[in-house]
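Structural features, examined
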Amino acid sequence: MSNIDIEKYFKPDLNQARKRSKKAIEELQFNLSDAHYKIGVDKTYMIDTYGCQGNEADSETMAGILELMGFTKALSEDNADVIILNTCAIRENAENRIWGELGRLKAYKRQNPNLILGLAGCMAQEENVVERVMKKYQHVDIIFGTHNIYKLPEYIETAMFAKERVIEVYSQEGDIIENLPKVRTHKFKAWVNIMFGCDEFCTYCIVPYTRGKERSRSKEEIILEVNELVHQGYKEVTLLGQNVNAYGKDFKDKNYTFGDLLRDLDQTGIERIRFTTSHPHDLDRKTMEAMRDSKHVMPFFHLPVQSGSNPVLKKMNRHYTKESYLKVLNELKSTVPGIAVTTDIIVGFPTETEADFLETLDLVEKAEFEGAFTFVFSKREGTPAASFEDDTPEEIKKQRLYILNERVNQGYLKGNERFVGKIVKVLVDGVSKYDDEVLAGYTEHNKLVNFKGEPSLIGQIVNVRVTLAKTWFLMGELS
Ligand code: SAH
Ligand code: SF4
Ligand code: F3S
């Protein structure tokens, strides 16, 4: 495979990926063809997941497809017949981990030449990545992207029997595929995709290129999936989308948006409904009121702000200001009293000055976030911000991150302290990592609680009296 004819493959193209077609999205049903059943009998697979919840949900689908083909989960990499790396492209360090991993897997391939190694996910949607894999990582057998997971059986068949390398990445999204099999990671908490793609085009972000145009799943399919989960004994669903607040805005024939979906799902009997992620600019009154009126939508909201500086927000293409963000946030807090709010923040965005950064700190103070994921800006090739002038030294960016994290941690602690002495409802996740007599689970406000209890409580919702608040967790006792 040394003289690769690059043109013969479907390769990604970020310019194509930027385009948004007007084509109506169809709903297609997944079916495994007869030829693909049993290909995996007596063979094993392993999927390594590197990205966000959407990426994890994709891994569950890949596992579902592979198990339908007869594969079983490998106990370790050593004895896997198929290894798939489901990658993330959001920041450079996410990608660096994959390059390291690809290098490491070279040895496995040498030991077992029949091993099929696949690269999937958001990195596969990037043209520079695919070029580099083709040239330098020739032990990778299959490269496929986020839009064609349903074709995995064909790819495995080609790699396994024709011994040909498969590179098939679609730069533009296809239709919505329903009826995809899934092997879910958890027994009582499930991811449910409600939409795919993103049309926001924040200038720093690669996701609109790797995930395509925003398209919503039909409410019927979503409700059906949640009903099935209830039937199977699931307690919690997390509705997934890059911008769930834009759910339904792409429907041409009906007026049905995120708030309507929350109200309908509240009737399914699922105990807990969560969702991620939201965009402040699409968060509407209807959603807030649906949260207020529902019994099962949890009082927790992850509302990424990214920055507190208006000039920076403008350069990020976020469509709101510090003031309008705080206004929406206050409306949310007064509509759903006691709601816990967390956020995402980027420091060191190109041209961010000290004064801009102070605006972010001020916003963190005013917003009283109870948690935040914080990042240093990472340049993503192909995005507008990659060519913005950036003269802030890396050292300063790191300092800003440090200062920000100190403030954010105060918010975590304050958010936890407000529950001391209260009785909270905890969905028991499992045994604590640190003490096997202690259980761990999450409250309705998404706070981690540790308490003594029997493992038989795992998967149940129990009452716990909170006795102590730490920055990262609460301690309590069964009540
Ligand atoms: N759609 C979601 C999640 C996007 S990715 C949202 O809009 O919130 C999760 C977070 O990664 C983003 O909120 C942002 O804070 C961060 N992020 C995205 N691109 C980044 C980049 N190039 N550099 C640093 N952080 C980034
Ligand atoms: Fe990226 Fe912005 Fe879309 Fe989130 S909303 S995925 S940050 S482009
Ligand atoms: Fe990463 Fe793709 Fe998710 S870039 S954050 S895996 S949408």
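Residues numbered from 1 in each chain as written. Chains lettered and ligands numbered in written order. Predicted model: local features only at pLDDT ≥ 70, side-chain atom pairs only at ≥ 80, totals over all residues. Heavy atoms only, no water.

Digging into the confidence of the model for the protein
With 98% of its residues at a pLDDT of at least 70, the protein reaches an overall mean of 95. Ignoring residues within four places in sequence, the model shows residues 1-7, a span with pLDDT below 50, making 11 contacts including any to other chains. (pLDDT = per-residue confidence, 0-100. Contact = heavy atoms within 4.5 Å.)

Some details on the layout of surface pockets
In this structure, the second largest pocket occupies an estimated 500 Å³ of space. Lining the second largest pocket are 24 residues; nearest its centre among them are A24, I25, D250, F251 and K252. In terms of residue class, the lining of the second largest pocket is made up of six nonpolar, three polar and 15 charged. Two domains each put at least three residues into the lining of the second largest pocket: domain 1 (6-168) and domain 2 (182-417). (1 Å grid on protein atoms, 1.4 Å probe; cavity = no way out; pocket = protein on both sides within 12 Å on 5 of 7 lines; lining within 4 Å. Points joined across faces, edges and corners; volume = space filled by probe spheres on them. Nonpolar A, V, L, I, M, F, W, Y, C, P; charged D, E, K, R; others polar. Domains from an automatic or database assignment.)

Brief notes about the pattern of salt bridges
Applying the stated rule across the entire model yields 33 salt bridges. Residue D282 is joined to K249 by a salt bridge in which the shortest nitrogen-to-oxygen separation is 3.0 Å. With D282 in the loop between β13 (272-276) and α9 (285-293) and K249 in the loop between β12 (236-240) and α8 (258-266), this residue pair connects regions lying 33 residues apart in the sequence. For K286, the salt bridge identified is with D260, shortest N-O distance 2.7 Å. Here K286 is found in helix α9, whereas its partner D260 is found in helix α8, with 26 residues between them in sequence. With a relative accessible area of 31%, K286 lands in the partly exposed category. What emerges from the salt-bridge pattern is a single network uniting E178, R184, R217 and E225. (Salt bridge = Lys/Arg side-chain N within 4 Å of Asp/Glu carboxyl O. Helix = DSSP H or I, 4+ residues; strand = E, 2+ residues; numbered from the N terminus. Buried < 20%, exposed > 50% of the residue type's maximum accessible area, 1.4 Å probe, protein only.)

Section: empty space enclosed by the protein
Summed over the entire model, instances satisfying the criterion amount to one cavity of 30 Å³ or more. There is about 30 Å³ of room inside the largest cavity. I273, R274, F275, M298 and F300 are the residues that line the largest cavity. The dominant element in the lining of the largest cavity, judged by the number of residues it contributes, is β13, at three residues.

Some words on helix α5 (residues 152-162)
Listed in full, the buried residues belonging to α5 are L152, P153, Y155, I156, A159 and M160. Mapping the buried residues of α5 onto a view down its axis gives an arc of 165 degrees, with all of them on the same face. Contacts made by the buried residues of α5 are with α2 (53-68), β4 (82-87), β5 (116-121), β6 (142-144) and β7 (166-168). Residue K163 follows α5 closely and has a positive phi angle near 50 degrees. (Arc of directions from axis to C-beta.)

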